[in-house]
Amino acid sequence: MHNTTDNSADPAVIALHHIHARIIRAALESGRIALTAVSKTFDDTVILPVLHAGQRIFGENRVQEAKAKWPQLRRQFPDIELHLIGPLQSNKAAEAVALFDVIETVDREKIAAALAQEVQKQHKPMRFYVQVNTGLEPQKAGIAPQEATAFVKRCREHHKLTIEGLMCIPPADENPGPHFALLAKLGKAAGLAKFSMGMSGDFETAIAFGATSVRVGSAIFGHRDHAAAQ
Ligand SMILES: *Cc1c(COP(=O)(O)O)cnc(C)c1O
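Definitions and cut-offs
Residues numbered from 1 in each chain as written. Predicted model: local features only at pLDDT ≥ 70, side-chain atom pairs only at ≥ 80, totals over all residues. Heavy atoms only, no water. Near = heavy atom within 4 Å. Polar contact = N/O pair within 3.5 Å; in protein donor to acceptor, adjacent residues only side chain to side chain. Helix = DSSP H or I, 4+ residues; strand = E, 2+ residues; numbered from the N terminus. Contact = heavy atoms within 4.5 Å. UniProt positions renumbered as here; feature names shortened; annotations may be inferred. Buried < 20%, exposed > 50% of the residue type's maximum accessible area, 1.4 Å probe, protein only. Core = buried A, V, L, I, M, F, W, Y, C linked by side-chain atoms within 4.5 Å.

Caption draft 1: Structural context of the site of the ligand. Inspection of the region around the ligand gives Val38, Lys40, Ile85, Met167, Ile169, Met199, Ser200, Arg215, Val216, Gly217, Ser218 and Arg224 as its neighbouring residues. Within the side chain of lysine 40, one N or O atom sits 2.7 Å away from an oxygen atom of the ligand. Side-chain polar atom of serine 200 to an oxygen atom of the ligand: 2.5 Å apart, as the coordinates give it.

Caption draft 2: The side chain of glutamate 104, seen in detail. If you trace the backbone, glutamate 104 turns up in strand β4 (residues 102-106). A distance of 2.7 Å separates the side chain of glutamate 104 from the side chain of serine 196, its partner in a polar contact. Excluding its chain neighbours within four sequence positions, the residues that come into contact with glutamate 104 are His83, Leu84, Ile85, Tyr129, Val130, Gln131, Met167, Ser196 and Arg215.

Caption draft 3: Here's a closer look at the UniProt feature "modified residue: N6-(pyridoxal phosphate)lysine" (unreviewed entry) in the protein chain. Following the UniProt record, one finds the feature "modified residue: N6-(pyridoxal phosphate)lysine" (unreviewed entry) at Lys40. Judged by relative accessible area, which is 12%, lysine 40 ranks as buried.

Caption draft 4: Quick peek at the side chain of serine 39. Relative to the elements of secondary structure, serine 39 occurs in the loop between β1 (34-38) and α2 (44-52). A relative accessible area of 0% means that serine 39 is categorised as buried. A polar atom in the side chain of serine 39 sits 2.7 Å from the side chain of glutamate 60. Among residues more than four places away in sequence, those in contact with serine 39 are Ile47, Phe58, Gly59, Glu60, Glu65, Lys69, Trp70 and Phe221.

Caption draft 5: How the structure looks around the nonpolar core. Within the largest apolar cluster, 53 residues are counted, with the highest numbers of intra-cluster contacts made by Phe58, Trp70, Phe100, Ile103, Val106, Leu115 and Leu166. Sorting elements by how many residues they give to this core places helix α5 (residues 109-122) first, with five residues. Formed by five residues, the second largest nonpolar core is a distinct cluster that contains Val38, Ile85, Val102 and Tyr129.

Now the structure itself:
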């Protein structure tokens, strides 16, 4: 935005701000850009006001924590859409499919196979993202960028998973822009149009690089205990 002078009482400026708000609301409601509110480590008292304000898409990074929190909330708000954004072990695939609507962290053959089996067993329409380790960080989940296209193809054709898009978490100490650009490039090569990228510190950058959903936690819910947040 190119701004400076405070002319916020001007009727046309007030109208302009209303139009900005309506454009944003339309973009969110149409799903052009989705906001995933990352509620990990926070309990009902913090989540409920956000639900009452109309937010419906939430992200959790642990299956056990989601299981303790979300089934009750779903009874009150049946249109909640819950995303798993943390790493998944194949022995938790059944619980993950039962609890979540979207799993964003498919990153290896074993997990794809376990999820495919559960989707069949539970007859549940699930959507998935493939997580890409764009920074090739050894401690981080995600498939290597050079393997992403073939893996997406295998998930779709062999495992019949509905892969919607790609997800990444750039290295904490690097400029995220090149990572977002790489994710968008890999997605396009794989015929995917959805990109889950950007968090509290970098979601505007992610949107500039084509994010279709941003995962925002601390900027909504406040500071987390760091140990619990990983
Ligand atoms: C915790 C987490 C977020 C949210 O991080 P904030 O910096 O609090 O916005 C987003 N994505 C993933 C995968 C996370 O684990």
